[in-house]
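Coordinate inspection notes
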Amino acid sequence: MSTPKLFTPLKVGSIDVKNRIAMAPLTRNRARAEDDAPHELHAEYYSQRASAGLIITEASQISPQGKGYAWTPGIYSDSQIEGWKRVTDAVHANGGKIVIQLWHVGRISHNVLQPDGAAPVAPSALAANSKTFDGEGFVDTPMPRALDIEELPGIVEDYRVAAANAIKAGFDGVEVHAANGYLLDQFLRDSSNKREDAYGGSIENRSRLLKEVMDAVTKEVGAGRVGVRLSPFSNANDISDSNPMPLFTHVVELLNGYGLAYLHLVEGQTGGPRDLPDGASLSALYDKFDGAHMGNNGYDRQMAIDAVENDQVDMVAFGRPFIANPDLVERLKDNAPLNEGDQATYYGGGAEGYTDYPTLDALKAG
Ligand SMILES: Cc1cc2nc3c(=O)[nH]c(=O)nc-3n(C[C@H](O)[C@H](O)[C@H](O)COP(=O)(O)O)c2cc1C
């Protein structure tokens, strides 16, 4: 039998990947507490997974204000750049490619995580019915402060600088996180954006902040090194839209104009059912985008092989399977059984449940 296309190389913008399996972005809350920097443990974790065609890092805040959970890494300070450099060196040494997911959480944060205990920021002063992790436990997300229009250029600039920092840190590119109910998604959707200025109201206005971020980031690092993640039909973090198909059709058409490396769609509810609302179509969105199509959410081996073989997507991103299987690519190739992940160690902690999942070879060696 010939090799399934899933295991064959692809050019993704300016990034050459050795197979069509991506490691999906996975927040693991293990950054150094004093400076939110990744360290040696992260280098080990990511380099263990370097057989992926492309690693997308855990979401990483572009500024102190962009942080929403304890111990998530940043990409705005020198020590963070230095920490990430160790990670990218280790991944490259093992023959992998890696991009960083750029994150501003908006209202999915808490005063205790914000500079000077300030309220988290959002398009509008509307609290999300969601939770965040403050280092001690899960807490309700509080009432945010609506951003002044004068503050938005500063946020766009934070994205630009974060993208420049990513290149300094040796990344192959960046993924702009516009999914899962965080800041950029909060601007896109009419459940969270009630603004009456140029950033609210019409679909075009609600897409304006994303457009400005894409302008800045692509100009800084080159569109061929930039991907973007959307979750058009997901309600993660209490987000929704009264009419998502026209909204996301506009967004994908807008994104297509940049010549980006890839479009990454969370298909259905993030980490949940793949069902779509009536009238929704993922293929209609992918069809509007000329770069590589990356699909994610609940894929198993056969689904991934079929989706790539049938040209539904060019790449498949696996999330939870990569937590528990550092050698996921080899296991999928061999149709070998997968380790089960331990949810108790998903968020926070040290090496346990992070770098100690066995490879197939280690298991065979007994
Ligand atoms: C522990 C954990 C952390 C996650 N962190 C992120 C993240 O930082 N950024 C993001 O876009 N999605 C994040 N997600 C969502 C995953 O990328 C992915 O969309 C989801 O797990 C569904 O894919 P899967 O079925 O292959 O796991 C996270 C999911 C899990 C389980």
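Starting from 1, residues in each chain are numbered consecutively following that chain's sequence as written. Local features are withheld for residues below a pLDDT of 70 in this predicted model, meaning they are given only at 70 or higher, and side-chain atom pairs are given and counted only at 80 or more; totals for whole chains, interfaces and linings count all residues. No hydrogens and no water enter the side-chain calculation; it runs on all heavy atoms of the structure.

1. Observations concerning the overall build of the protein
Using the following cut-off: Only DSSP runs of H or I covering at least 4 residues are called helices, and only runs of E covering at least 2 are called strands; the numbering of each starts at the N terminus. Each residue gets one of three labels from its accessible area relative to the maximum for its type: buried under 20%, exposed over 50%, partly exposed in between, using a 1.4 Å probe on protein chains only. Two residues qualify as a contact provided that any one of their heavy atoms is within 4.5 Å of a heavy atom in the partner residue. Computed with the Shrake-Rupley method and a 1.4 Å probe, the accessible areas treat only the protein chains shown as cover for residues. Asp and Glu are treated as the negative residues and Lys and Arg as the positive ones, with His and the ends of the chain left uncounted. Think of each charge as sitting on NZ of Lys, CZ of Arg, CG of Asp or CD of Glu.
Looking only at helices and strands, one finds 12 helices and 14 strands in the protein. For the protein, the spread of C-alpha atoms along the principal axes amounts to about 60 × 45 × 35 Å. A burial count over the protein gives 58% of its 366 residues as buried. For the protein, the proportion of contacts with a sequence separation of at least 24, taken over those separated by at least 6, is 72%. Within the structure as shown, the protein displays about 13900 Å² of accessible surface, and the carbon and sulfur contribution to it stands at 49%. Distance from the positive charge centre (33 side chains) to the negative charge centre (50 side chains) of the protein: 3 Å.

2. Looking at the side chain of Glu 267
Put simply, the rule reads: For this analysis, a polar contact is any N or O atom pair within 3.5 Å, provided that within protein one partner can donate a hydrogen and the other can accept it, and provided that sequence-adjacent residues contribute only side-chain to side-chain pairs.
For Glu 267, the location among the structural elements is in the loop between β12 (262-266) and α8 (282-286). Of the polar contacts made by the side chain of Glu 267, one reaches the side chain of Tyr 286; its length is 2.6 Å. Residues in contact with Glu 267, not counting those within four places in the same chain, are Pro 273, Arg 274, Leu 282, Tyr 286, Gly 295, Asn 296, Asn 297, Tyr 299 and Val 313.

3. With respect to the environment of His 177
The residue His 177 is located in strand β10 (residues 173-177) in this model. Judged by its relative accessible area of 3%, His 177 falls in the buried class. Linking His 177 and Gly 295, residues 118 residues apart in sequence, is a C-alpha distance of 15 Å. Those residues within four positions of His 177 in sequence are excluded, and the remaining contacts are Ala 59, Gln 101, Leu 102, Trp 103, Tyr 182, Leu 184 and Arg 229. There is a polar contact of 3.3 Å between the side chain of His 177 and the backbone nitrogen of Ala 179.

4. Brief notes about the layout of surface pockets
Note the cut-off: Put simply, the grid is 1 Å and covers the protein atoms alone, a cavity is a trapped set of points that fit a 1.4 Å probe, a pocket is an open set with protein on both sides within 12 Å along at least five of seven lines, and lining residues have an atom within 4 Å of a point. Grid points are joined across faces, edges and corners, and a volume is the space filled by probe spheres set on the points. All amino acids are sorted into three groups, where Ala, Val, Leu, Ile, Met, Phe, Trp, Tyr, Cys and Pro are nonpolar, Asp, Glu, Lys and Arg are charged, and the leftover types, Gly among them, are polar.
Size it by volume and the largest pocket reaches roughly 920 Å³. Considering the residues around the largest pocket, the lining is formed by 34 residues, among which Pro 25, Leu 26, Asn 180, Thr 270 and Tyr 347 are closest to the centre. When contributions to the lining of the largest pocket are tallied by element, the ones reaching two or more residues are β5 (98-103), β7 (131-133), β14 (315-318) and α10 (320-324). If you tally residues by element for the lining of the largest pocket, the top one is α10, at three residues. For the lining of the largest pocket, a count of residues per class yields 17 nonpolar, 13 polar and four charged. Along its surface, the second largest pocket is lined by Arg 320, Pro 321, Ala 324, Asn 325, Leu 338, Asn 339, Glu 340, Gly 341, Gln 343 and Tyr 346. The residue makeup of the lining of the second largest pocket, split by class, is four nonpolar, four polar and two charged.

5. So, helix α3 (residues 152-168)
Spelled out, the test is: Take the residue count of a helix, subtract one, and multiply by 1.5 Å to get its expected span.
The terminal C-alpha atoms of α3 lie 25 Å apart, and with 17 residues this matches the ideal 24 Å at 1.5 Å per residue to within 8%. Packing partners of the buried residues in α3 comprise α2 (78-93), β5, β10, α4 (183-188) and α6 (208-221). Following α3 by one or two positions, Gly 170 adopts a phi angle in the positive range, close to 90°.

6. Thoughts on the environment of Ala 125
Here Ala 125 is to be found in the loop between β6 (121-122) and β7. Taking C-alpha positions, Ala 125 is 5.2 Å from Arg 145, a pair spaced 20 residues apart along the chain. Once you skip the residues sitting within four places of it in the chain, Ala 125 turns out to touch Met 143, Pro 144 and Ala 146.

7. Things to note about the site of the ligand
What counts, and what does not: For this purpose, a residue is taken to be near a molecule or strand whenever a single non-hydrogen atom of the residue falls within 4 Å of it. Think of it this way: a molecule belongs to a cavity or pocket when more than half its atoms come within 2 Å of the grid points there.
Close to the ligand lie 20 residues, the nearest being Thr 27, Arg 229, Asn 296, Gly 298 and Arg 320. Measuring from an oxygen atom of the ligand, one finds a side-chain N or O atom of Thr 27 at 2.6 Å. At 2.8 Å, a backbone N or O of Gly 319 approaches an oxygen atom of the ligand. Compared with its free state, where it exposes 620 Å², the ligand has 92% of that area covered by protein. The site holding the ligand turns out to be the largest pocket. When its residues are assigned to classes, the shell around the ligand shows eight nonpolar, 10 polar and two charged.

8. So, the sheet that holds β12
Within a sheet, each strand pairs with its neighbour through backbone hydrogen bonds, oriented either parallel or antiparallel. This is how the line gets drawn: Note on pairing: two strands pair once DSSP finds at least 2 bridges between them. Between the N-to-C directions of two axes lies an angle of 0 to 180 degrees, each axis being a line fitted to C-alpha atoms and, for a helix, fitted only over the stretch in contact.
Pairing within the closed barrel is parallel, and its eight strands lie in the order β3-β4-β5-β10-β11-β12-β13-β14. Taking the axes of each pair of neighbouring strands and ignoring which way they run, one obtains an average angle of 25° across the sheet. Strand direction decides the pairing type here: β5 and β10, joined by four bridges, are parallel. Following the sheet pairing, Leu 102 is matched in β10 by Val 176. Against the sheet, α2 touches β4 (54-61) and β5, its axis set at about 150° to β5.

Everything listed here is a matter of coordinates, which is why it stays silent on function.
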